[in-house]
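Below are the chains, spelled out letter by letter.
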Amino acid sequence: MQGSRDRILTSHTGSLPRPPGLTKLYARRSRGETVDSSEIDRAGHAALQEIVPKQIEAGIDIGNNGEQQREGFFLHVRHRMTGFGGSWKRWPRADVEDYPLFKRSLEQQNAGKEMVSNFAPPKVTGDINYVGAAQALRECTDFREVLEARKRAGQSGFAEAFLTAPSPGIVVAAIRNEHYDTEDAYLAAVGRALQVEYEAIAAQGFLLQLDCPDLALEHHISFASRPLSDFLDFVERVVATINEALRNIPREKVRMHVCWGNYEGPHDRDVALATILPLIARMNVGALVLPFANPRHAHEVRSLQGKAIADDQIVVAGVIDSTTNFVEHPEVVAERIERVAKALGDHARVIAGTDCGFDSAAGAGRVAEDVVWAKLRALSEGARIASDRLFQQA
């Protein structure tokens, strides 16, 4: 993955709104209802065909399949791996628990929504093995066919295309272990399984984006009542597991996204970026996808100063908030991009992106679909404004 010496490129973090009909199918299946898999396949493929041109029309340079053929950014693994069964209620978010009135309001907002919940995942009840190679390949080839069809028709495409895959850490944190003797054994098994998915994406010529919210989010979920040192040890072990899983993939073909949870909330229990950055920067990836638009972490751009990350690592900077229906003014977007460029000291290593996905689990997104596209157009316009300033100065 490379930046540009000509202008600021645009991207996003992966998930985009799914059509209501597809969301309903995913939600029904997640509740244990019988759903025809071929019906989901048809609806998912139709959604994929629609989501690609929408991104291009909005001005996205580095785009993906919008995760249309998955129910969520990590829960699809239960359909591609063995060893999962039952369900459990995920540990609560500490910042939400601190504000009972807000928690009640949030529950009321979600009560009537047709959605897949990340807080009722399965458990591990047997050996983890990856058996979804055909599904992973199908997702890649479906995406490629859409891109190639546009090319044959003489239509514009992406400068680069990416596909996402989850961190083994988020799987281990969210899917409760009732089988392996130790967490390390569980983590290693998930890492080996996900390596199949990672290599499938890379082999098809796509950029691989690793979704690693666990490397920040779990501090105020799984580790909310434990010492910071325990959480940082978890981060180190996850990074080591990922690096092992990436051993056959060139560094420049991988980018990694980390965040503190894709939800509107207090976030006053979030671990500081400066605390985790030295650890996550050790991951053998060419780019870090980091949130800098939301009010809790915008100031942490300063963490990029000096030698905080390697000289060959790019930052896909979140300059659009994925949890609010405010449409950012392009000048605000441009200013955010310029702050990141100043902190890094090299505007060619900056790509403009979003803080997180807009629909991380089907139906869970808070931003209306028409507003999503307005936000991405603002992202594109802001990147153009920033490019005019930054590249004229060079």
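Everything discussed here concerns the structure shown above.
Only a predicted model underlies this, so the values are computations on that prediction, with no experimental measurement involved. (Residues numbered from 1 in each chain as written. Predicted model: local features only at pLDDT ≥ 70, side-chain atom pairs only at ≥ 80, totals over all residues. Heavy atoms only, no water.)

Draft legend 1. Quick look at the sheet that holds strand S4 (residues 123-124). Reading across from one edge, S3-S4-S6 is the order of the 3 strands in this open sheet, with mixed pairing throughout. Sheet topology places strand S3 (84-85) and strand S6 (176-177) at the edges, where each strand pairs with a single neighbour. The pairing of S3 with S4 spans 2 bridges and is antiparallel. Within S4, the residue paired with Phe84 across the bridge is Val124. (Pairing = 2+ DSSP bridges. Helix = DSSP H or I, 4+ residues; strand = E, 2+ residues; numbered from the N terminus.)

Draft legend 2. Structural detail: the environment of Trp260. The residue Trp260 is located in the loop between strand S8 (254-257) and helix H10 (273-280) in this model. The exposure class of Trp260 is buried, given its relative accessible area of 3%. It is 8.1 Å that separates the C-alpha atoms of Trp260 and Val271, two residues lying 11 residues apart in sequence. Sequence-distant contacts of Trp260, defined by excluding residues within four places in its chain, comprise Ala216, Leu217, His220, His267, Asp270, Val271, Leu273, Ile276, Pro291, His297 and Glu300. A polar atom in the side chain of Trp260 sits 2.7 Å from the backbone oxygen of Val271. (Buried < 20%, exposed > 50% of the residue type's maximum accessible area, 1.4 Å probe, protein only. Contact = heavy atoms within 4.5 Å. Polar contact = N/O pair within 3.5 Å; in protein donor to acceptor, adjacent residues only side chain to side chain.)

Draft legend 3. Structural context of the pairing of strand S11 (residues 350-354). Most of S11 sits out of view: 5 of its 5 residues are buried. The side-chain alternation of S11 yields two buried faces, one formed by Val350, Ala352 and Thr354 and the other by Ile351 and Gly353. Bridge analysis of strand S1 (residues 9-10) against S11 gives 2 bridges, and the strand direction is parallel. For Thr10, the partnering residue across the bridge sits in S11 and is Ala352.

Draft legend 4. Here's a closer look at the pattern of salt bridges. Tallying each qualifying case throughout the model produces 30 salt bridges. Arg18 is the salt-bridge partner of Asp359, the closest N and O atoms lying 3.0 Å from each other. Separated by 341 residues along the polypeptide, Asp359 in the loop between S11 and helix H12 (369-393) and Arg18 in the loop between S1 and helix H1 (20-30) bring together distant segments of the chain. Overall, Arg18 belongs to the buried group, its relative accessible area being 5%. Close ionic contact of Arg282 with Glu236 constitutes a salt bridge, the shortest N to O distance being 3.2 Å. (Salt bridge = Lys/Arg side-chain N within 4 Å of Asp/Glu carboxyl O.)

Draft legend 5. Expanded view of the nonpolar core. Counting 111 residues, the largest nonpolar core has Leu210 and Ile337 as the members making the most contacts within it. Every residue in contact with Ile337, bar those within four places of it in the chain, is listed here: Ile8, Val319, Val350, Ala352, Gly382, Ala383, Ala386 and Leu390. Residues Leu9, Ala287, Val289 and Ile314 belong to the second largest nonpolar core, which totals 9 residues. (Core = buried A, V, L, I, M, F, W, Y, C linked by side-chain atoms within 4.5 Å.)

Draft legend 6. Quick look at the sheet that holds S1. Ordered in space as S1-S11-S10-S9-S8-S7-S5-S2, the 8 strands form an open sheet in which the pairing is parallel. The sheet is open, and its two edges are formed by S1 and strand S2 (62-63), each paired on a single side. Contacts from helix H7 (residues 183-203) reach strand S5 (160-166) and strand S7 (207-211) within the one sheet, and its direction differs from that of S5 by about 175 degrees. (Axes fitted to C-alpha atoms, helices over the stretch in contact; angles between N-to-C directions.)

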